[in-house]
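# Coordinate analysis (summary)
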Amino acid sequence: MTSRYPSFAADILALFAERDVVLTHVDILQPADPFLDMAGEDLRRRIYMTESETGESLCLRPDFTIPVCLDHIASRASTPRRYGYLGEVFRQRREGRAEFFQAGIEDLGSPDRAEADARSLCDATALIARLLPSVPLTITVGDKAMFEAVLSALGLPGGLQKRLLRAFGTPDRLSAAIEEFRTARVSQPLPAEIAGLVLTGDERALAAYIETAMVDMGFSPGAGRHPREIARRLIEKRHLDSVTLSEQALQALRDFLAIRVPLSDAVATLADFAGRAGIAIDEALANFEKRNAAIAAAGVSVADVRYNSGFGRPLDYYTGLVFEITTDRLALPLAGGGRYDRLLTLLGAQEPIPGVGFSVWLDRVDTLREAR
C-alpha cells in the first residue's frame, strides 16, 4: 500500500489515530456464504468465488464490513469499538480494476445511534477532505428506516414490505416492484415437486431440494443465488400473488419517493407528507430529527446536506441511515456508508450489536489527485 499510495497511507493512519480508531486486518480469503446471504444481489454478482479442499465456498474479500464484523464476533471483543481498515478488495466492476484499495471505519456497539451516525458521516467527510483538500464535496443521505416506517404505516403485507425494502436504493428495481403490484399477477407453473414444497411453506425442505437438483445438474450451490434464498423467494412470491396496492398506497409511495430537500428541511417535509397521506411515522421522525441535531452538533451544516427519500445503497444489510459523498469532478461516488443494526446478530453475535460504517474508494481519490 505504501509503495502505491504513500501519502494516502500516512494521512489515513493519522486520522485513525486522532479519532481513536483501531487499525484492523482481516484475511483476503473469506467464507462466501455471509456475502451470498446478506450483501445483496449487486455485490453477489461481482464477487470472485472459489472452494476449499473440503468443498467450502470461499471468495476473495469483496468488502470489509462483513469480515470486520465476523472478526469482532470471533474475538469476543468488547464494545463500543471503532475499527479502521486500509487494504485491497476484489470485485468485478463496470469501470476500473477488479482489485482496488478501500479505507474506512466500522463503529460497533455505540449505544447512542444518532451520535454514532453523525460521527460516521463526519469521519468519512474528514477523511476525504484530508486526501482532497481543495475538492468541493456533496453529501447525500437517505434513511431505510424511514422507508420501512412508511411501508408499515400504510399497512402493507409483510412479504410486500420485504420485497420493496430489498429494492430500496435501486430506483429502477423499486419502481418496477411498486408498479408490479398495481394489479393481481399469475405466476408461471412450477414443477410438481417444487410446487408442493412451496405450497407447504417449508423453506428448509425446499432449499434442500433445490440444492440437490443443482448438484445433480452440475451446478455449484455457491456459484450464484443461494438455494436458501431461492426457496425463500419462491415461497414469498406465492404469498404475494394475490396482493395488490391500493391507489391511496400507490400515491403515498410515489409522493414519499419524490422528496428531495436540504436535510435542514427534511423533518418538516416528512411531517407534511405524513399528514397528507394520513399515516403516523412519529417514532421514525423523532429518530430522524435527533440524528439531524447530532450531525449539526458535530459541525456539519445540515443545510448543505441533501436528503433524498429514495436514496439507498445496494447492500441488503443496511437498516437506517445511508449516505454517499460525491464531487462534480467525478461521476462515481468517493465514499458510501450507513447503519446495519441487524447484521452482527445474523452473523452469529449472541447479543444485538448496533453498527454503522463507511468505505472510501481510494482509486477514485487517486484519480482526482492526479488530475489536480
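Details of the structure are given in the entry above.
Report follows, based on the coordinates. (Residues numbered from 1 in each chain as written. Predicted model: local features only at pLDDT ≥ 70, side-chain atom pairs only at ≥ 80, totals over all residues. Heavy atoms only, no water.)

This part takes up the packing of aromatic side chains. Think of a pair of aromatic rings as described by two things: how far the centres are apart, and how the planes are tilted against each other in angle. With the rule as written, the count across this model stands at seven aromatic pairs. When the centroid spacing of 5.2 Å and the interplanar angle of 80 degrees are considered together, the rings of Phe 288 and Tyr 307 count as edge-to-face. Residue Phe 288 is found in helix H14 (residues 282-297), and its partner Tyr 307 is found in strand E9 (residues 305-308); the two are separated by 19 residues along the sequence. The exposure classification of Phe 288 matches that of Tyr 307, with both residues buried. The structure contains a cluster of three or more aromatic residues connected by ring pairs, namely Phe 147, Phe 168, Phe 256 and Phe 273. Directly above the ring of Phe 100 sits Arg 93, whose terminal nitrogen or CZ lies 3.7 Å from the centroid. Geometry around Phe 288 places Arg 291 over its ring, the cationic atom sitting 5.2 Å from the centre. (Phe/Tyr/Trp six-rings, centres within 6.5 Å; stacked < 30°, edge-to-face > 60°. Helix = DSSP H or I, 4+ residues; strand = E, 2+ residues; numbered from the N terminus. Buried < 20%, exposed > 50% of the residue type's maximum accessible area, 1.4 Å probe, protein only. Lys NZ or Arg CZ within 6 Å of the ring centre and 35° of its normal.)

As a packed pair, helix H12 (residues 247-257) and helix H13 (residues 263-277) sit with axes 10 Å apart at the nearest point and diverge in direction by 170 degrees. The angle between H12 and H13 places the two elements in the roughly antiparallel class. In contact with Gln 248, Ala 252, Asp 255 and Phe 256 of H12, H13 contributes Leu 270, Phe 273, Arg 276 and Ala 277. (Axes fitted to C-alpha atoms, helices over the stretch in contact; angles between N-to-C directions. Parallel < 35°, antiparallel > 145°, perpendicular 65-115°, else oblique. Contact = heavy atoms within 4.5 Å.)

Here the largest pocket defines a volume of roughly 1000 Å³. Lining the largest pocket are 46 residues, and of these Gly 169, Gly 312, Arg 313, Pro 314 and Glu 324 sit closest to its centre. Breaking the lining of the largest pocket down by element, the ones donating at least two residues are helix H3 (41-44), strand E6 (99-108), helix H8 (171-180), H12, E9, strand E10 (321-327), strand E11 (330-339) and strand E12 (355-361). In terms of residue class, the lining of the largest pocket is built from 17 nonpolar, 14 polar and 15 charged. The space that makes up the second largest pocket amounts to roughly 700 Å³. In terms of lining, the second largest pocket is formed by 23 residues, of which the most central are Arg 166, Arg 232, Asp 316, Arg 342 and Leu 346. (1 Å grid on protein atoms, 1.4 Å probe; cavity = no way out; pocket = protein on both sides within 12 Å on 5 of 7 lines; lining within 4 Å. Points joined across faces, edges and corners; volume = space filled by probe spheres on them. Nonpolar A, V, L, I, M, F, W, Y, C, P; charged D, E, K, R; others polar.)

Glancing now at the nonpolar core. Core analysis: the largest hydrophobic core is formed by 75 residues, its most contacted members being Phe 147, Leu 164, Phe 256 and Tyr 307. Examining the composition of this core, we find that eight residues originate from one element, helix H5 (residues 113-131), more than from any other. Contact partners of Leu 164, with chain neighbours within four places excluded, come to Phe 147, Leu 151, Leu 156, Leu 174, Ala 177, Ile 178 and Leu 253. Tyr 317, Tyr 340, Leu 343 and Leu 347 belong to the second-largest nonpolar core, a separate cluster that totals 30 residues. (Core = buried A, V, L, I, M, F, W, Y, C linked by side-chain atoms within 4.5 Å.)

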